[in-house]
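# Structural description and commentary
Here is how the chains run, residue by residue.
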Amino acid sequence: MRFLKIFSIWHALPVFTLLFFLSPILIILSSVFADYSENWSHIYEYVLADYILNSLFLVSGVSILVMIIGSLTAWLVTNYQFFGKRFFEWGLILPLAIPPYILAYTFTGLFDSYGTMNEIARPLFNLQQNEMLFPNIRNIYGAIIVFSFTLYPYVYLICRTAFLNQSRSMFEVGRTLGLSQVSIFLKLALPIVRPALIAGTMIVAMETLSDFGAVDHFAISTFTTGIFRTWYGMYDLTTAMQLASMLLIFITFCLVIERTSRKNADYSTIGSNFKPIQVKRLSSLGSSICFFLCFIPIFIGFILPILEILNWSLRFNSSFFNKQFFSISLNTVLLSILSAILCTFIAMIINFSIRYKNSPLIKSINPFLNIGYAVPGLILAVGIVQLFVFLDNNILNSFEGYFLTGSLFGLIFAYIIKSYALANSTYEAGYQKISQAIDDSARVLKSKGLNLLFRVHFPILKTSFFTSILLVTSEVVKELPATLILRPFNFETLAVSTYIYASEERMVEAAAPATAIILIGLIPIFFISQMIRTSRLEKS
């Protein structure tokens, strides 16, 4: 009885969830100890070096660019008053609505030899048909541009929050020491927001390493394309898992290095000395420069692809919006909403368990549940396939006609693991606003357990609940690699449909599903923009 009191169902649920979340990852890592086949020897001798070097070069290039774009734009909109500033505060996050693979497809349509931009340039500059003004974009340098201009908002959002919370006193001291505005930015502001800058860049690096659609379209040999080709080309799942484990170990190593590097650093501002930043008005020239610097990322990462998709939409037959398109859209919406609801309820139960039991065990478990966000969807898919094969062969084989492999359960499971961090963050923020006095009053009235959760906490957390559903839905709709591998036979989503059309060079027909993905991706952008407008730093 004493054990049951100490270890109740509110302890068991987080532990069970953790084991369930970690099982595909542990299965992947266990492949390191398996036998290495001839396929592995071939990969090791001929292509593994390419996978490593291309992945490192891609991540390094993207990381440098997003740090420059994200930190510079965040600094400008935080510290200066210029034309269009209010728009740029939230407009700079618009590229988040466009997944990297859709930006890659639209850039191909724009800058290919006979793409839109070269077709426009030929009569303007009197070029021959075999001449082109814009170079080929389908290479690793083009991929760096694609990833940088669609993922920099992660760095922008985190750095902007950090810049808003810097004290004016520090900059005043810098000016008395003779530092220019550029020196203040480089020598004072950036070093202080280093944790935020590194955190945002690590998110971008994880997204870049986990992408499959863009690098596959640009024919770049990276770990994700290597895993996919090994599985579907060589039909060697074990070798694919061993490649996936290498990528997973590398990602974990990067996370450990990043955490260790800022473990003992203190970047806080003493509260009594804090003064809100004073926004500076600029001259016409300065205002124009700031406008131009902030407009370029939005133009490349959002306006250009939207214009190209509109161009495709005008050129192609509207009969594509037929029964099949609406069936694919319905598949996507239902699957994403179901996954979002399940993920949201799991996050709610876990966060309630932390609050209700106040147990160090549950508190230590919750951060590990967020690891799925850093794991590429392709790796999760490989691990889930192996897990479900094991369950089918050892448990469900006694139930004739029932199986998990190739069912929607695998997709939903992958979506929940990948998106849990989003749902968890909304509930963590929501619970911080609920006073402990409310719980104490509820206990006096004999309210506890599920009664306390659904009759007291849930009405207060409705905003967190719906925000979580919107964020997870948007994330699920854009997920490509996990969906591509785990989907049941003849089951398509908008992301898969876009990928299939683009892989067959039917760019014009990819317009409809790509447009739907972008429109759904704009939903959380709208809510984030509202938060930016209404939650500027309290200046007094």
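To keep things clear, this report deals only with the structure shown in the data block. (Residues numbered from 1 in each chain as written. Predicted model: local features only at pLDDT ≥ 70, side-chain atom pairs only at ≥ 80, totals over all residues. Heavy atoms only, no water.)

### Section: the environment of Tyr232
Residue position: Tyr232 is located in helix H13 (residues 223-232). Looking at Tyr232, the relative accessible area reads 37%, which means it is partly exposed. In this structure the C-alpha to C-alpha distance between Tyr232 and Ile485, which are 253 residues apart in sequence, comes to 9.5 Å. Here Tyr232 is in contact with Leu484 and Ile485, once residues within four sequence places are set aside. (Helix = DSSP H or I, 4+ residues; strand = E, 2+ residues; numbered from the N terminus. Buried < 20%, exposed > 50% of the residue type's maximum accessible area, 1.4 Å probe, protein only. Contact = heavy atoms within 4.5 Å.)

### Regarding helix H17 (residues 360-369)
When H17 is considered as a whole, its buried residues turn out to be Ile362, Ile365, Asn366 and Leu369. The buried residues of H17 occupy one face: seen down the axis, they fall within an arc of 110°. Seen from the open side of H17, the exposed residues pointing more than 90 degrees away from its buried face are Pro360 and Phe368. Tucked inside the fold, the buried residues of H17 contact helix H2 (9-30), helix H16 (323-357) and helix H19 (408-432). (Arc of directions from axis to C-beta.)

### Describing the side chain of Asp236
Tracing the chain through its elements places Asp236 in the loop between H13 and helix H14 (237-261). Despite its burial, Asp236 pairs with no opposite charge; the closest candidate is Arg229, at 15 Å N-O. For Asp236, the side chain forms a polar contact with the side chain of Ser37, separated by 3.0 Å. In contact with Asp236, other than residues within four places in its own chain, are Ser37, Asn39, Thr230 and Trp231. (Lys, Arg positive; Asp, Glu negative; His and termini not counted. Salt bridge = Lys/Arg side-chain N within 4 Å of Asp/Glu carboxyl O. Polar contact = N/O pair within 3.5 Å; in protein donor to acceptor, adjacent residues only side chain to side chain.)

### Examining the packing of aromatic side chains
Throughout the structure, instances matching the rule amount to 27 aromatic pairs. Taking 5.3 Å as the distance between ring centres and 65° as the angle between the ring planes, the aromatic pair formed by Phe88 and Phe291 counts as edge-to-face. Pair noted here: Phe88 is in helix H5 (residues 85-91) and Phe291 is in helix H15 (residues 284-315), with a separation of 203 residues, a long-range link. Ring pairs connect the aromatic residues Phe82, Phe83, Phe87, Phe88, Trp90, Phe291, Phe295 and Phe299, which therefore count as one cluster. Geometry around Tyr80 places Lys280 over its ring, the cationic atom sitting 5.9 Å from the centre. (Phe/Tyr/Trp six-rings, centres within 6.5 Å; stacked < 30°, edge-to-face > 60°. Lys NZ or Arg CZ within 6 Å of the ring centre and 35° of its normal.)

### A word on a nonpolar patch on the surface
A contiguous nonpolar patch, built from Val333, Ile337, Ile341, Phe345, Leu450 and Phe454 and spanning about 450 Å² of accessible area, is present on the exposed surface. Breaking the nonpolar patch down by element, the ones donating at least two residues are H16 and helix H21 (449-460). Sort the elements by how many residues they give to the nonpolar patch and H16 lands first, with 4 residues. Considering the arrangement of structural elements, one finds Leu450 in helix H21. (Patch = residues over 30% accessible without salt bridge, like charges linked within 9 Å, V, L, I, M, F, W, Y side chains within 5 Å. Areas by Shrake-Rupley, 256 points an atom, 1.4 Å probe, with all protein chains shown as cover.)

### Looking at the packing of H2 against H16
Here H2 crosses H16 at 135°, and the two axes come no closer than 9 Å. Considering their axes alone, H2 and H16 lie oblique with respect to each other. Seen along the crossing, H2 lies across H16 with a hand that is left-handed. Two secondary-structure elements touch here, H2 through Trp10, His11, Leu13, Pro14 and Thr17 and H16 through Ile346, Ile349, Ile350, Phe352, Ser353, Tyr356 and Lys357. Residues belonging to the contact of H2 with H16 are distributed by class as follows: 8 nonpolar, 3 polar and 1 charged. (Axes fitted to C-alpha atoms, helices over the stretch in contact; angles between N-to-C directions. Parallel < 35°, antiparallel > 145°, perpendicular 65-115°, else oblique. Left-handed = near helix turned anticlockwise from the far one by under 90°. Nonpolar A, V, L, I, M, F, W, Y, C, P; charged D, E, K, R; others polar.)

### What about the packing of helix H20 (residues 436-444) against H21?
As a packed pair, H20 and H21 sit with axes 11 Å apart at the nearest point and diverge in direction by 150°. One element, H20, and the other, H21, form an angle in the roughly antiparallel class. In this structure, H20 meets H21 at a crossing whose hand is right-handed. Two secondary-structure elements touch here, H20 through Ile438, Asp439 and Ala442 and H21 through Leu452, Val456, His457 and Ile460. The residue makeup of the contact of H20 with H21, split by class, is 5 nonpolar, 1 polar and 1 charged.

### Section: the pattern of salt bridges
Oppositely charged side chains can pair when the atoms bearing their charge come close. The final tally for this structure, using the stated rule, is 4 salt bridges. A salt bridge links Glu119 to Arg122; the shortest N-O distance between them is 3.3 Å. Separated by 3 residues within a single helix, Glu119 and Arg122 lie in helix H7 (residues 116-125), roughly one turn from each other. Here Glu119 falls in the partly exposed class, since its relative accessible area comes to 35%. A salt bridge links Arg506 to Glu504, with the nearest nitrogen and oxygen atoms 2.7 Å apart.

### Considering the nonpolar core
Counting 161 residues, the largest nonpolar core has Phe163 and Ile227 as its most contacted members. Counting residues per element, this core draws most heavily on helix H8 (residues 140-164), at 14 residues. (Core = buried A, V, L, I, M, F, W, Y, C linked by side-chain atoms within 4.5 Å.)

### A look at unusual backbone geometry
Among all residues save glycine, negative phi is the norm, and among peptide bonds the norm is trans. One non-glycine residue, Tyr235, lies in positive phi territory at about 55°. In the Ramachandran plot, Asn490 falls in the positive-phi region, its phi being about 65° despite a non-glycine side chain. With respect to the secondary-structure elements, Asn490 resides in the loop between helix H23 (481-486) and helix H24 (494-503). Residue Asn490 is classed as exposed on the basis of its relative accessible area, which comes to 68%.

Coordinates in, geometry out; function isn't part of it.
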